[in-house]
Amino acid sequence: MIRIESLKKNYKKVQALKGVSLHVPQGQLFAYLGPNGAGKTTTIRILTGLTKLTSGAAFLNGYHIEKDTLAAKRQFGLVPQSANLDQELTVFENLDVHGRLFHMRRKDRRRKIDELLGYIDLLDRKGTPSKQLSGGMKRRVMIARALVHSPKILFLDEPTVGLDAKIRRRIWALIKKIQQSGTTIFLTTHYIEEAEFLADRVAFLDEGIIVAIDTPRHLISRIGAWAIDRVSQGEMETQYFRTQEEARAYIAEQEDSFSLRRVNLEDAFLALTGKKVK
Amino acid sequence: MIQGWHAIYYRELLILRRRLTRMLASMSVSPLLYLIAFGYAMGGHIQVEGHSYTEFLIPGLVAMSSMTQAFGIASEINIARFYWHIFEEFQAAPISNMAYVTGEVLAGMTRALMAVCVILLLGALFGVFLSYTPLFWLAILLNSFVFASLAVALAMLVKSHADQAMINSFVIIPMAFLGGTFFPVERLPMWAQKLLALLPLTHAAKSIRAAAFGQSPAPVSYGILLGLGVVFFLAAFWCVNRARD
């Protein structure tokens with residue numbers, strides 16, 4: 001369970017977070033969606049103790065991240081945005097050092113590492129130096145590393161950034177599998193389809209403020225079910241309709257041709273923030 | 001309070017093990033060149049404080065190498081911080097900052113001890129066998145404690161790897177040459193001696209040399225090294241606390 005209350009973060013003159021509040025119940029896959037610079041990584045960094053908060057409070061399974069820091073840190077695993085495996089260590093050693101950082105016993109570490117490497121289909125790469133792994137393998141190992149100590153919460157900061165579509169889908173399947181084991185997942189992403197496919201609930205973050213928070217289906221239904229795109233004076237314009245009949249009736253009245261499509265989460269983001277997610 | 005230090009130390013040992021051959025080779029090059037150039041070629045017939053120059057040089061090289069190798073942990077921390085972002089893995093783990101500092105300082109001290117063993121072996125090849133008493137090793141441990149702690153503190157303060165190289169150029173290299181490694185500080189004018197007495201390496205070189213020659217090292221030098229070591233260790237702890245943005 002994650003609880004954030006009026007969280008603010010200032011970097012000198014820049015206000016990165018302007019009072020974020022949210023609650024993620026146990027076992028939920030929560031996506032935190034926003035453009036670059038919206039404050040997604042800052043939120044994760046505060047929740048994981050990497051960055052100090054300016055004001056407000058945050059709790060992980062009831063532990064205050066600033067007051068019960070060590071207890072709070074035992075609750076989560078973190079997969080940061082940048083690949084941070086120890087390049088000189090093997091896959092096993094990377095996971096083993098992590099287990100030691102969480103004070104796990106040798107026997108438990110070894111059992112868990114074998115289990116996780118099997119889970120991510122990389123058991124045969126146990127002794128491979130991590131610098132020899134592909135980008136997708138590194139990301140899977142980072143996810144496995146974050147799970148060595150069996151955390152109840154998993155923070156994934158842009159877990160598929162820079163990966164090709166095929167590997168991205170493999171990571172998605174892995175994330176879904178982790179959630180099914182009862183782990184709460186807090187995911188930041190700027191890939192709309194990632195949030196739409198994975199998340200139980202989504203928050204739209206823009207310039208340090210949550211502008212909307214709901215299930216993907218409800219967020220989409222706020223603006224309609226069908227959309228028509230057209231280019232007018234070099235700008236893309238989109239119109240939304242409650243029903244397909246309404247949209248078709250509109251098209252019939254126009255001289256130009258239009259393409260009709262289903263409304264997606266990106267439309268909801270665009271309509272609610274006036275911005276594209278990049 | 002320091003639970004988890006061994007995870008940090010273990011990681012550094014794994015890296016050390018992976019690079020062992022390269023590291024031993026690099027730890028040998030400079031001392032070997034100093035021994036050949038200054039000890040054998042130039043100072044072959046020179047007597048200093050009643051000893052051959054090579055005998056005089058070995059304890060100085062021990063002090064210098066234990067300093068540079070212990071301080072070298074700063075570069076490792078910087079690479080882990082700025083290039084590989086591994087420092088975040090430690091920051092997000094349930095270990096105290098004191099545990100982190102302890103692990104890194106011990107890793108620096110381990111590197112220093114390895115370098116000292118290399119020099120003593122090279123010395124033996126040159127036919128130099130000195131008195132390696134507990135006081136000799138204590139001075140080395142204190143010296144490496146001072147510089148490993150200083151290294152962790154400074155590694156947290158610098159903003160880039162280039163800053164770290166600058167510290168080496170302006171602090172470590174001058175100290176290596178002026179701290180009594182290659183010549184007796186007593187040969188310098190009194191004002192220079194007083195100035196050099198402020199450097200921890202001067203005390204380390206004096207203590208290591210005195211112990212190696214079977215003399216009684218000055219307890220005050222051990223006290224100064226211990227005091228500075230504790231101050232730098234606490235500074236390192238404070239700097240790690242500050243490293244969160």
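Just so it is clear, the model here is predicted, and its values are computed rather than measured.

S.K.: Which parts of the structure should I look at to understand the overall build of chain B?
M.R.: Of the regular secondary structure elements, chain B holds 11 helices and two strands. Each helix and strand of chain B, placed in order from N terminus to C terminus, yields the pattern α-α-β-β-α-α-α-α-α-α-α-α-α. Computed over its C-alpha atoms, the radius of gyration of chain B comes to 18 Å, within 12% of the 18 Å expected for a compact globule of 245 residues. Here chain B holds 245 residues, and 56% of them are scored as buried. For chain B, the share of sequence-separated contacts (at least 6 apart) that also reach a separation of at least 24 residues comes to 83%. Mean positive and mean negative side-chain charge positions of chain B (14 and 10 charges, respectively) differ by 1 Å.

S.K.: Honestly, the overall build of chain A in this entry has me stumped. Any pointers?
M.R.: A tally of helices and strands in chain A yields 10 helices and 13 strands. Principal-axis analysis of the C-alpha atoms gives chain A an extent of 70 × 45 × 30 Å. In chain A, buried positions account for 54% of the 278 residues. For chain A, contacts bridging at least 24 residues in sequence account for 66% of all contacts bridging at least 6. Carbon together with sulfur atoms contributes 48% to the accessible area of chain A, which is approximately 12400 Å² in total.

S.K.: Looking at this model, I keep getting lost on the sheet that holds strand 3 (residues 29–33) of chain A. Mind explaining?
M.R.: Each strand in a sheet pairs with its neighbour through backbone hydrogen bonds, running either in the same direction (parallel) or in the opposite one (antiparallel). All names here are of chain A. Spatial ordering of the open sheet is given by 6-7-8-3-9-10, a layout of six strands whose pairing is mixed. Here the strands that pair on one side only, and so sit at the sheet edges, are strand 6 (76–79) and strand 10 (209–214). Taking the axes of each pair of neighbouring strands and ignoring which way they run, one obtains an average angle of 15 degrees across the sheet.

S.K.: Is there a simple way to think about the domain arrangement of chain A in this case?
M.R.: How large an interface is tends to be reported as the accessible area lost when its parts come together. Split into domains, chain A comes out as domain 1 (2–219) and domain 2 (224–262). Taking the mean C-alpha position of each, domain 1 of chain A and domain 2 of chain A sit 38 Å from one another.

S.K.: What exactly am I supposed to notice about the interface of chain A and chain B here?
M.R.: At the junction of the two partners, chain A supplies 33 residues and chain B supplies 28 residues. Taken together, the two surfaces of chain A and chain B that pack against each other cover about 2900 Å², and 53% of this comes from carbon and sulfur. Counting across the interface, chain A meets chain B through six salt bridges. The residue Arg 45 of chain A makes a salt bridge to Glu 88 of chain B at a minimum N-O spacing of 3.0 Å.

S.K.: Could you clarify how one ought to interpret the side chain of His 149 of chain A in this entry?
M.R.: Residues and elements named next belong to chain A. Relative to the elements of secondary structure, His 149 occurs in the loop between helix 5 (135–147) and strand 7 (153–157). One polar contact links the side chain of His 149 to the main-chain carbonyl oxygen of Phe 76, over a distance of 2.8 Å. Among the polar contacts made by the side chain of His 149, one reaches the side chain of His 98 at a distance of 2.9 Å. In this view, His 149 contacts Arg 74, Phe 76, Gly 77, His 98, Phe 102 and Met 104; residues no more than four positions away in its chain are not counted.

S.K.: Just checking my understanding: could you explain the sheet that holds strand 13 (residues 259–262) of chain A for this structure?
M.R.: Residues and elements named next belong to chain A. The three strands lie next to each other as 12-11-13, forming an open sheet whose pairing is antiparallel. A single partner strand is all that each edge strand has here, and the edge strands are strand 12 (235–241) and strand 13. Shown here is a sheet whose adjacent strand axes are inclined to one another by a mean of 35 degrees, direction ignored. When strand 11 (residues 226–232) meets strand 13, the two strands line up antiparallel, connected through four bridges.

S.K.: Please explain unusual backbone geometry as it appears in this structure.
M.R.: Note on backbone geometry: most residues besides glycine have negative phi, and most peptide bonds are trans. Its identity as a non-glycine residue notwithstanding, Glu 207 of chain A has a phi of 50 degrees, on the positive side. Tracing the backbone through its elements, the reader meets Glu 207 of chain A in the loop between strand 9 (201–206) and strand 10. Phi is positive for Glu 49 of chain B, close to 50 degrees, though the residue is something other than glycine. Position of Glu 49 of chain B among the secondary structure elements: in the loop between strand 1 (47–48) and strand 2 (51–52). We classify Glu 49 of chain B as partly exposed; its relative accessible area is 47%.

Conventions we followed
- Residues take numbers from 1 onward in each chain, read along the sequence in its written order.
- Each chain takes a letter, starting from A, and each ligand takes a number, starting from 1, following the order in which they are written.
- It should be noted that, the model being predicted, local features are given only for residues of pLDDT at least 70 and side-chain atom pairs only at 80 or more, the latter also being counted only at that level, while totals for whole chains, interfaces and linings use all residues.
- Water and hydrogen atoms play no part in the side-chain values, which are based on all heavy atoms of the structure.
- Per the convention used, a helix needs a DSSP run of H or I reaching at least four residues, while a strand needs a run of E reaching at least two, with both numbered from the N terminus.
- With the radius of gyration taken over C-alpha atoms, the globule rule is written as 2.2 Å times the number of residues to the power 0.38.
- Buried residues are those whose accessible area, probed at 1.4 Å on protein chains only, stays under 20% of the maximum for their type, while exposed residues exceed 50% and partly exposed ones sit between those limits.
- Two residues form a contact once any of their heavy atoms are found within 4.5 Å.
- Positive charges are assigned to Lys and Arg, negative charges to Asp and Glu, while His and the chain termini are left out of the count.
- Lysine's charge is taken at NZ, arginine's at CZ, aspartate's at CG and glutamate's at CD.
- Computed by Shrake-Rupley with a 1.4 Å probe, the accessible areas treat only the displayed protein chains as cover when residues are assessed.
- For two strands to be treated as a pair, DSSP must find at least two bridges joining them.
- Simply put, an axis is a line fit to the C-alpha atoms, just over the touching stretch for a helix, and the angle between two N-to-C directions goes from 0 to 180 degrees.
- Throughout the structure description, domain borders are defined by an automatic or database domain assignment.
- The term buried area means the drop in 1.4 Å probe accessible area that two parts suffer when joined, counted for both and summed.
- For salt bridges, the criterion is a side-chain nitrogen of Lys or Arg within 4 Å of an Asp or Glu carboxyl oxygen.
- By the criterion applied in these results, polar contacts are pairs of N or O atoms within 3.5 Å in which, for protein atoms, one can donate a hydrogen and the other can accept it, and in which residues neighboring in sequence qualify only through two side-chain atoms.

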